[in-house]
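Below, each chain spelled out in residue letters.
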2 protein chains.
Amino acid sequence: MRDVAMVGAGMTHFGELWKLSLRELFAEAALAALESAGADHLDGLWVGNMSAGQFVGQEHIGPMLVEQLGMSGVPATRVESACASGGMALRAAWLEVASGQSEIVMAAGVEKMNDGADVTAVLATAADQEAEVYHGITFPGLYAMIARAHMAAHGTTVEDMAWVAVKNHRHGALNPHAQFRREITVEDVLGSSLVAEPLRLLNCSPVSDGAAAVLLVPLSRAHEFTDRPVRILGSGAATAAMALADRADPATLDAVVTSATRAYRMAGIQPAQIDVAEVHDCFSIAEICCTGAMGLTDGCNPAQAARSGFTALGGRRPVNTSGGLKAKGHPVGATGVAQAIEIFAQLRGEAGDRQVPDAHIGATQNMGGSGASSVVHVFTRG
Amino acid sequence: MRDVAMVGAGMTHFGELWKLSLRELFAEAALAALESAGADHLDGLWVGNMSAGQFVGQEHIGPMLVEQLGMSGVPATRVESACASGGMALRAAWLEVASGQSEIVMAAGVEKMNDGADVTAVLATAADQEAEVYHGITFPGLYAMIARAHMAAHGTTVEDMAWVAVKNHRHGALNPHAQFRREITVEDVLGSSLVAEPLRLLNCSPVSDGAAAVLLVPLSRAHEFTDRPVRILGSGAATAAMALADRADPATLDAVVTSATRAYRMAGIQPAQIDVAEVHDCFSIAEICCTGAMGLTDGCNPAQAARSGFTALGGRRPVNTSGGLKAKGHPVGATGVAQAIEIFAQLRGEAGDRQVPDAHIGATQNMGGSGASSVVHVFTRG
């Protein structure tokens, strides 16, 4: 396999972007990515998108999006794995370059969620229709059950979960692209509306519009595009049972464990070597489960990692320096690519007020549904 | 890049399969593919599916489908490019094996269309919502305009189009998996209900349920799985303007021309070397456009190719020996993979009454929307 490098990146602000359509969101991110690398053409596009068919009545977005760039003709295909669509698009683009088939491939993600659809119902189509959704449950309820299981098994508290949101809002306040650029307190979280007990409003990522795009090229050609390429060291993907009830332990996300193990093995690293990570905090409990599953808290209790500062900026291993899904926003198909963009910035020393000093190795973890799919990437300075 | 071979294949019958759900359809095809190659595990799955979210309220089908095989854990991702979803899933699986990342990867496709959804409206989400569908047009209307443009530019007649359907029903009558196993006449076609002038009911592919799956491995390992592997010689994909009105000539499908050119170049062949091909005859006019765009009629008028017998079984270059989308059926996400299965059978000499004698090189062409995406593969005996 050829080594692959990320050489350009671009993203929109995340938020309620009522004036921008799906194709406009994509074009803003994609053109920024092309410009950042001085690239004027593509050999391929893989775009992560969960539900444009349901959200805005448009399937078949691949050709539509390259056309919006003025690049009609370029192969362009949508990849879908619910909220892990962006991470899986990155993986597909990586495979295309690694194979030797193509030289300059874009991995992008886009979602237009604020356009009138019943968002909670659309998102619920990522859960098992027959085993779960038919009976009335949606994602806040599923993650509430995961939280309850984690509390019962590990003594995790609502304060622990609140600290995840507090930390990520602190980080997000420093990110110009974030949907929420304000700090919140533990009291704010615990006083916010109950959504699905024990999860409150401020434990939940928001409904967002947005797009993100990165450019991948062979590592051997990376310096044609940038002085500071970021190399993809490892990629790992995995699945687990769709329905929560079919898992041995709802508090353990097997797909996250497996995808991380595969990515670390390919990268030849141990998790303790990771300097900065973006993980899938769609709900506060998810960050606790995912950092634990990825071994990012060095054997300490992952539920305490935000509260203790271990995963905060300035701590041992900052997690979700972008603000995470909670504060940066979560346009579901774009999230996995936006995670890679944060690591790209961190490893290039371009993260501004969010910079983790001397970050050499970074990781992303992007998850679909209640953890039925997960994809992990490991990056280093090129 | 590593050379890649197809070593196993399985598919369901195509048709109105009211008693089988999406996951049951997939499992039937996938288990047959695994069994045919004596394989008991997978390193990855790419599944083509256009609109399970809209058809059956289920996105995120990757993890659900590998779980149905008893293989939870295996990376599994959906690929969508409207009716070219299956062909693009094949391309993604090919890239994964060609890259050296994985050894045994399944490319599958599945669609459950007969489950209560407004099928024509769902399919129309593959056209440009803003430029086309909002104004009321759906696919029969779009292809009717393509037909009118072709008639005006090339003198194509409704009889020419009828012959495409007649030929493909003759072929389909020989295919045990086909939705329609009966012959029809030109008079039947011309006497059938008008759908969108000049297209009549028997010019249109049906609404179908079905699934198809193939197994890809490195060519170097193919003989562990079968004595008769089929090698993927070339893969080419391309896009074109989404909206028909944005194309220079509606009767010329640029994405088909480009994808075929790319696949032939990679394969190192000329179209005249192709012994048998499956092309995307969603409407009769599409087969005429696609065979022309792919150079399959040796410079003769592609509109005459069915009528003259050139593309019929027994002719110079049989096209759609499976019955094509018209007679075999068109479960949209499965179609591209089912095309590969027909070529697999032909090149292995297993096509029974449909066998093209001494078939050495075969090609598939799978298309999305009114031709905004297209993917072509070229195969040969391993």
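Everything numeric here is computed off the predicted structure, so don't read it as measured data.

1. Digging into the overall build of chain A
Then, in step 1: On a plain count of helices and strands, chain A comes out with 12 helices and 11 strands.
Then, in step 2: Computed over C-alpha atoms, the radius of gyration of chain A comes to 19 Å, within 12% of the 21 Å expected from 2.2 N^0.38 for 382 residues, which places it in the range of a compact globule.
Then, in step 3: Along the three orthogonal principal directions, the C-alpha set of chain A runs to about 50 × 45 × 35 Å.
Then, in step 4: Every one of the 382 residues in chain A was classed for burial, and the buried ones make up 68%.
Then, in step 5: Considering only contacts within chain A whose residues lie at least 6 apart along the sequence, 77% involve residues at least 24 apart.

2. Examining the relation of the copies chain A and chain B
Then, in step 1: Of the transformation superimposing chain A on chain B, the axial component is 0.0 Å and the angular component is 180 degrees, with the fit at an RMSD of 0.0 Å. Expressed as an axis order, the relation between the two copies is that of a two-fold axis. Ranked by how close their C-alpha atoms come to the rotation axis, the residues of chain A are headed by S99 of chain A, at 1.8 Å.
Then, in step 2: With an isologous cut-off of 70% or more, the 100% of interface residues of chain A that recur at the interface of chain B puts this contact in the isologous class.

3. Quick word on unusual backbone geometry
Leave glycine aside and you will find that most residues have negative phi; peptide bonds, for their part, are mostly trans.
Then, in step 1: In this structure, P198 of chain A follows E197 of chain A across a cis peptide bond, with omega equal to 10 degrees.
Then, in step 2: Within the secondary structure, P198 of chain A is located in the loop between β5 (194-196) and β6 (199-200).
Then, in step 3: Positive phi outside glycine occurs at D358 of chain A, with the angle close to 55 degrees.
Then, in step 4: By the element assignment, D358 of chain A lies in the loop between α12 (335-347) and β10 (361-368).
Then, in step 5: Even without being a glycine, D298 of chain B presents a positive backbone phi close to 55 degrees.
Then, in step 6: Looking at D298 of chain B, the number of C-beta atoms within 10 Å reads 12, which means it is exposed.

4. With respect to the nonpolar core
Then, in step 1: Within the largest apolar cluster, 289 residues are counted, with the highest numbers of intra-cluster contacts made by A108, V214 and V337 of chain A together with A108, V214, L216 and V337 of chain B.
Then, in step 2: Ignoring any residue separated from it by four or fewer positions in sequence, one finds V337 of chain B in contact with G48, G86, A89, L90, A107, A108, G109, A212, A213 and V214 of chain B.

5. What about the domain arrangement of chain A?
Residues and elements named next belong to chain A.
Then, in step 1: Per the domain assignment, the segments making up chain A are domain 1 (4-118 + 207-224) and domain 2 (135-203 + 231-381).
Then, in step 2: One C-alpha centre belongs to domain 1, the other to domain 2, and the line joining them spans 22 Å.
Then, in step 3: Across the boundary between the two partners, domain 1 contributes 37 residues, which contact 31 residues of domain 2.
Then, in step 4: Elements that contribute at least two residues to the side of domain 1 that touches domain 2 include exactly β1 (4-11), α4 (85-98), β4 (105-112) and β7 (209-218).

6. Focus: the interface of chain A and chain B
Interfaces are often sized by the amount of accessible area the parts lose when they come together.
Then, in step 1: Listed as interface residues are 48 residues of chain A and, on the opposing side, 48 residues of chain B.
Then, in step 2: Of all the secondary structure elements, the ones that give two or more residues to the side of chain A that touches chain B are α2 (52-55), α3 (61-68), β3 (76-80), α4 and β8 (230-239) of chain A.
Then, in step 3: For the side of chain A that touches chain B, the residue count by class is 21 nonpolar, 21 polar and 6 charged.
Then, in step 4: Bridge count for β3 of chain A against strand β3 (residues 76-80) of chain B is 3 bridges, and the pairing is antiparallel.

7. Focus on the confidence of the model for chain A
Residue and element names in this part refer to chain A.
Then, in step 1: Averaged over every residue, the pLDDT of chain A is 98; the share at 70 or more is 100%.
Then, in step 2: Averaged over each element, pLDDT in chain A is lowest for helix α5 (residues 119-124) (96) and highest for strand β9 (residues 276-278) (99).
Then, in step 3: Confidence metrics for the complex model read pTM 0.98 and ipTM 0.98.

8. A word on helix α4 (residues 85-98) of chain B
Then, in step 1: Here α4 of chain B contains 14 residues, and its C-alpha end-to-end distance of 20 Å stays within 8% of the 20 Å for a straight helix at 1.5 Å per residue.
Then, in step 2: The buried count for α4 of chain B comes to 14 of 14 residues, which makes it a mostly enclosed element.

9. Some remarks on the environment of E187 of chain A
Residues and elements named next belong to chain A.
Then, in step 1: Positionally, E187 belongs in helix α8 (residues 186-191).
Then, in step 2: The class of E187 is exposed, set by 10 C-beta atoms lying within 10 Å.
Then, in step 3: For E187 and V105, which are 82 residues apart along the polypeptide, the C-alpha to C-alpha distance reads 45 Å.

10. Examining the packing of helix α6 (residues 139-154) of chain B against helix α10 (residues 284-293) of chain B
Residue and element names in this part refer to chain B.
Then, in step 1: It is the contact of α6 with α10, at a shortest axis distance of 9 Å, that shows an interaxial angle of 55 degrees. When the interaxial angle is binned, α6 and α10 end up oblique. Crossing handedness for the pair α6 and α10: left-handed. Between α6 and α10, the residues in contact are Y143, I146, A147 and H150 and I285, A286, I288 and C289, respectively.
Then, in step 2: Split into classes, the residues belonging to the contact of α6 with α10 amount to 7 nonpolar, 1 polar and no charged.

11. Examining helix α1 (residues 22-37) of chain B
Given 3.6 residues to a turn, an α-helix orients residues that are three or four positions apart in the same direction.
Residue and element names in this part refer to chain B.
Then, in step 1: Spanning 16 residues, α1 covers 23 Å between terminal C-alpha atoms, matching the ideal 22 Å at 1.5 Å per step.
Then, in step 2: Regarding α1, the residues found buried are L22, R23, L25, F26, A27, E28, A29, A30, A33, L34 and A37.
Then, in step 3: Tucked inside the fold, the buried residues of α1 contact β1 (4-11), α2 (52-55), α3 (61-68), β4 (105-112) and β7 (209-218).

12. Some thoughts on the pairing of β3 of chain B
All names here are of chain B.
Then, in step 1: Counted residue by residue, β3 has 5 buried out of 5 residues, so it is predominantly covered.
Then, in step 2: Sheet topology places strand β2 (residues 44-48) next to β3; 4 bridges connect them, and they run parallel. Looking at the pairing, L45 lines up with A76 of β3.

13. Considering the environment of Q339 of chain A
All names here are of chain A.
Then, in step 1: Examined against the element boundaries, Q339 turns out to sit in helix α12.
Then, in step 2: Classification of Q339 as buried rests on a count of 30 C-beta atoms within 10 Å.
Then, in step 3: Taking the C-alpha atoms as reference, Q339 lies 8.9 Å from H280; in sequence the two are 59 residues apart.

14. Here's the deal with the pairing of strand β11 (residues 373-381) of chain B
Residue and element names in this part refer to chain B.
Then, in step 1: Within β11, 7 of the 9 residues are buried, which leaves it mostly tucked inside the rest of the structure.
Then, in step 2: Pairing geometry for strand β8 (residues 230-239) and β11, over 9 bridges, is antiparallel. Across the sheet, the residue bridging to R231 is T380, located in β11.
Then, in step 3: Relative to β11, strand β10 (residues 361-368) runs antiparallel, the two sharing 8 bridges. When the bridges of β11 are listed, I361 appears paired with T380.
Then, in step 4: Connecting β10 to the next strand, β11, in antiparallel fashion are 4 residues, including G369 with a positive phi near 60 degrees.

15. As for the environment of S235 of chain A
Residue and element names in this part refer to chain A.
Then, in step 1: Residue placement: S235 occurs in strand β8.
Then, in step 2: Residue S235 is classed as buried on the basis of its 25 C-beta neighbours within 10 Å.
Then, in step 3: Residues S235 and A286 lie 51 residues apart in sequence; the distance between their C-alpha atoms is 21 Å.
Then, in step 4: The residues touching S235, leaving out its near neighbours within four places in the chain, are R91, W94, A263, M266 and H377.

16. Observations concerning the packing of α1 of chain B against α3 of chain B
Residue and element names in this part refer to chain B.
Then, in step 1: Contact pair α1 / α3: the axes reach a minimum separation of 9 Å and the direction vectors enclose 55 degrees. As summarised for this structure, α1 and α3 are arranged oblique, according to the angle between their axes. Of the two elements, α1 crosses α3, and the hand of that crossing is right-handed. Of the residues in α3, those in contact with L22, R23, F26 and A27 of α1 are I61, M64, L65 and Q68.
Then, in step 2: Taken together, the residues that form the contact of α1 with α3 break down as 6 nonpolar, 1 polar and 1 charged.

Definitions and cut-offs
Residues numbered from 1 in each chain as written. Chains lettered and ligands numbered in written order. Predicted model: local features only at pLDDT ≥ 70, side-chain atom pairs only at ≥ 80, totals over all residues. Helix = DSSP H or I, 4+ residues; strand = E, 2+ residues; numbered from the N terminus. Rg over C-alpha atoms; globule rule 2.2 N^0.38 Å. Buried ≥ 20, exposed ≤ 12 C-beta atoms within 10 Å, placed from the backbone. Contact = placed C-beta atoms within 7 Å. Least-squares fit on C-alpha atoms with pLDDT ≥ 70 in both. Core = buried A, V, L, I, M, F, W, Y, C linked by C-beta atoms within 7 Å. Domains from an automatic or database assignment. Nonpolar A, V, L, I, M, F, W, Y, C, P; charged D, E, K, R; others polar. Pairing = 2+ DSSP bridges. pLDDT = per-residue confidence, 0-100. Expected span 1.5 Å × (residues − 1). Axes fitted to C-alpha atoms, helices over the stretch in contact; angles between N-to-C directions. Parallel < 35°, antiparallel > 145°, perpendicular 65-115°, else oblique. Left-handed = near helix turned anticlockwise from the far one by under 90°.

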